[in-house]
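Breakdown of the fold
Here are the chains, one letter per residue:
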Amino acid sequence: LPNYYVLPSGDKIPSVALGCWRAREGEVGNAVKTALKAGYRHIDGAWAYENEAEVGEPTHEHHYSLLIRIQKQLWNSYHYPEDVAPILEDSLQKLGVDYIDLYLIHFPVAFKKERTPEGKPVADLELTENTYATWQAMEKLVDSGKVRNIGVSNFNIRRLTNLTSNPLKYQPAVNQVELSFGNPQPELLAWSKKNGILLEAYSPLGSTEQVKQTLQIPEVVAIANELGITPAQVLISWHVQRGTVVLPKSVTPSRVEQNFQIFKLPQDKFDALEKAAVSHPPKRVVDPSGAWGVNIYEDQ
Ligand code: A2P
């Protein structure tokens with residue numbers, strides 16, 4: 001299985017990354033440290049995860065910062081073009097790095113510019129179709145050298161088509177979306193391959209809510225037993241074999257280590273797993289957009 005993919009810029013992006021969503025301060029630093037020792041060179045984080053300082057710290061201690069693909073995401077409250085560079089600066093400072101390898105628009109919708117008296121953003125939807133102006137500000141980050149590659153997250157086909165029908169200086173290199181056995185999104189995967197956009201799988205094990213059930217799926221357990229690997233390794237390998245980047249989150253050292261070991265599944269096992277995944281009604285685990293008054297995933 002590929003250890004990395006090549007982005008349009010020519011940069012290599014490791015196929016397995018450490019996911020940092022829901023990894024709290026006090027534990028995420030240790031997870032990053034363990035990941036670096038185990039060989040990870042791709043850390044997935046975001047401004048909105050409120051743990052950036054601790055995510056960045058071990059990368060300095062280990063003198064790995066130039067090798068690491070840290071990926072950060074532009075939060076909904078900073079879509080106005082004039083806000084994009086300053087909030088990236090905030091992330092760079094917290095992480096203690098000069099540039100970020102891959103920077104994504106976290107969601108395809110924007111919140112109001114309004115702030116609380118403490119200066120915190122508010123989760124109040126304002127614009128739902130404004131991504132082109134934001135994208136142009138993202139392109140400027142590449143030109144300034146602060147970001148090496150840019151992409152999007154949580155975009156469906158319609159929203160990506162809307163964005164890419166504008167004249168773009170840089171195409172979105174990746175689209176990071178929820179992908180799991182429960183929500184395998186075969187149409188989006190096929191469309192993305194056809195259009196040269198790499199998908200990244202967040203919540204690849206079903207996230208906190210579904211991980212227990214996901215790791216007990218009979219087809220997954222059977223393959224794990226046969227190959228002598230863990231159910232999590234079967235699923236993480238399946239994601240890479242489907243041709244996506246995979247971002248398993250763990251703050252447990254032994255899991256961080258095992259999640260980095262991927263194995264090519266025999267074709268018949270891979271096919272059976274794929275068939276099982278796409279043969280049930282899809283179940284999305286993560287959807288904050290309902291609370292924002294728009295369903296960003298289904299509005300095709
Ligand atoms: P923890 O962080 O406590 O180790 P996802 O990557 O789909 O978001 O899933 C994250 C959840 O899966 C977390 O609850 C994490 O627990 C758990 N998890 C991650 N890797 C493994 C693994 N190899 N085996 C069992 N559970 C895992």
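Before any of the text, the structure's been laid out above.
So, here's what we can say about the structure. Everything numeric in this text was worked out from a predicted model, so none of it was measured.

As a further point, take the site of the ligand. Taken together, 16 residues sit near the ligand, with Leu205, Lys249, Ser250, Thr252 and Arg255 positioned nearest. The contact in question runs from an oxygen atom of the ligand to an N or O atom on the backbone of Gly206, over 3.2 Å. Alone, the ligand offers 580 Å² of accessible surface; in the complex the protein occludes 87% of this. Those elements that place two or more of their residues in the shell around the ligand are α7 (207–214) and α10 (253–259). For the shell around the ligand, the class distribution of residues is seven nonpolar, seven polar and two charged.

Remark: helix α8 (residues 218–227) packs on helix α9 (residues 231–241), axes separated minimally by 8 Å, with the N-to-C direction vectors making an angle of 100 degrees. Comparing the axis directions of α8 and α9 gives the class roughly perpendicular. Across the interface between the two elements, Val220, Ile223 and Ala224 from α8 touch Pro231, Val234 and Leu235 from α9. Residues of the contact of α8 with α9, tallied by class, amount to six nonpolar, no polar and no charged.

As a further point, take the side chain of Thr214. By secondary structure assignment, the location of Thr214 is in helix α7. Residues within four places of Thr214 in sequence aside, it is in contact with Phe181, Leu205, Gly206, Val220 and Leu235.

The next subject is the side chain of Ser250. Here Ser250 is to be found in the loop between β12 (245–246) and α10. Given a relative accessible area of 6%, Ser250 falls into the buried group. Apart from the residues within four sequence positions on either side, Ser250 is in contact with Leu18, Gly19, Ala31, Arg255, Val256 and Asn259.

With that settled, consider unusual backbone geometry. Unusually for a residue other than glycine, Ser203 sits at a positive phi of about 50 degrees. Inspection of the secondary structure puts Ser203 in the loop between β11 (198–202) and α7. Residue class for Ser203 comes out buried when judged on its relative accessible area of 9%. Phi at Ser207 is positive, roughly 60 degrees, even though this residue is not glycine. Looking at the secondary structure, you find Ser207 in helix α7.

This model, assessed by the stated rule, comprises 12 salt bridges. Glu27 is the salt-bridge partner of Arg24, the closest N and O atoms lying 3.9 Å from each other. On the accessibility criterion, Arg24 (59% relative accessible area) is exposed. Since its relative accessible area comes to 24%, Glu27 is described here as partly exposed. Here Asp83 ties to Lys113 by a salt bridge, and the two come within 2.8 Å at their closest N and O atoms. A residue pair is termed long-range when its members are at least 10 positions apart, and Asp83 in helix α3 (residues 81–95) and Lys113 in the loop between β7 (110–111) and β8 (125–127) qualify at 30 residues. You can call Asp83 buried: its relative accessible area is 14%.

Among the six residues of strand β6 (residues 100–105), six are classified as buried, and the element is accordingly described as predominantly covered. Alignment of β6 against strand β9 (residues 147–153), held across five bridges, turns out to be parallel. Paired with Ile105 across the bridge in β9 is Val152.

About the cut-offs
Residues numbered from 1 in each chain as written. Predicted model: local features only at pLDDT ≥ 70, side-chain atom pairs only at ≥ 80, totals over all residues. Heavy atoms only, no water. Near = heavy atom within 4 Å. Polar contact = N/O pair within 3.5 Å; in protein donor to acceptor, adjacent residues only side chain to side chain. Areas by Shrake-Rupley, 256 points an atom, 1.4 Å probe, with all protein chains shown as cover. Helix = DSSP H or I, 4+ residues; strand = E, 2+ residues; numbered from the N terminus. Nonpolar A, V, L, I, M, F, W, Y, C, P; charged D, E, K, R; others polar. Axes fitted to C-alpha atoms, helices over the stretch in contact; angles between N-to-C directions. Parallel < 35°, antiparallel > 145°, perpendicular 65-115°, else oblique. Contact = heavy atoms within 4.5 Å. Buried < 20%, exposed > 50% of the residue type's maximum accessible area, 1.4 Å probe, protein only. Salt bridge = Lys/Arg side-chain N within 4 Å of Asp/Glu carboxyl O. Pairing = 2+ DSSP bridges.

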